[in-house]
Amino acid sequence: MEFFEPQVILFVEDCERAAGFYARLGFVETFRSDDEAPIKVEMALGGFMLGLAHPEPAAQSHGLEPVTEGDRVCLTLWTDDVESAFDRAVEAGGRARREPHRFRDVLQVAFVNDLDGHPIQLVERVG
């Protein structure tokens, strides 16, 4: 027995809309449940798998109790240019949460919320 292809699933209001946002950040779609109104879309970036799923089917089919508000998870994306990454995320519809700033003298960090309010931490090594 082994584990493979780990994935984090974000519960989102609209999978299509969320997939468009993450595509603007470099994620590539690898799976879609339905072309017309997907209830799940899977995307990849550098070996990391991200699932975007509507909460109702997860509750009905699997007995989960999805949390759909607040800081449920924080997705971290490393980059070589935090300021450009921050600008791109905001241009894609993300909400600026904390502008680029130094952290512990060796990192430049910024935060944006995606279209469903999930915080995304953008991080660059500096100095």
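Residues numbered from 1 in each chain as written. Predicted model: local features only at pLDDT ≥ 70, side-chain atom pairs only at ≥ 80, totals over all residues. Heavy atoms only, no water.

Participant: Can you walk me through the environment of Val 12 in this structure?
Facilitator: Residue position: Val 12 is located in the loop between strand 1 (7-11) and helix 1 (15-24). For Val 12, a relative accessible area of 2% gives the class buried. Distance from Val 12 to Asp 116, taken between C-alpha atoms, is 5.9 Å for residues 104 residues apart in sequence. (Helix = DSSP H or I, 4+ residues; strand = E, 2+ residues; numbered from the N terminus. Buried < 20%, exposed > 50% of the residue type's maximum accessible area, 1.4 Å probe, protein only.)

Participant: Just checking my understanding: could you explain the packing of aromatic side chains for this structure?
Facilitator: For any pair of aromatic rings, the description consists of the separation of the ring centres together with the inter-plane angle of the planes. Under the defined criterion, the tally for this structure stands at two aromatic pairs. When the ring of Phe 21 is compared with that of Tyr 22, the centres are 5.1 Å apart and the planes differ by 90°; the resulting orientation is edge-to-face. Assessed through its relative accessible area of 2%, Phe 21 is described here as buried. With a relative accessible area of 1%, Tyr 22 lands in the buried category. Ring geometry for Tyr 22 versus Phe 27: centroids 5.5 Å apart, planes at 85°, classification edge-to-face. Accessibility expressed as a relative area gives 3% for Phe 27, which makes it buried. Three or more aromatic residues joined by ring pairs make a cluster, and in this case those are Phe 21, Tyr 22 and Phe 27. (Phe/Tyr/Trp six-rings, centres within 6.5 Å; stacked < 30°, edge-to-face > 60°.)

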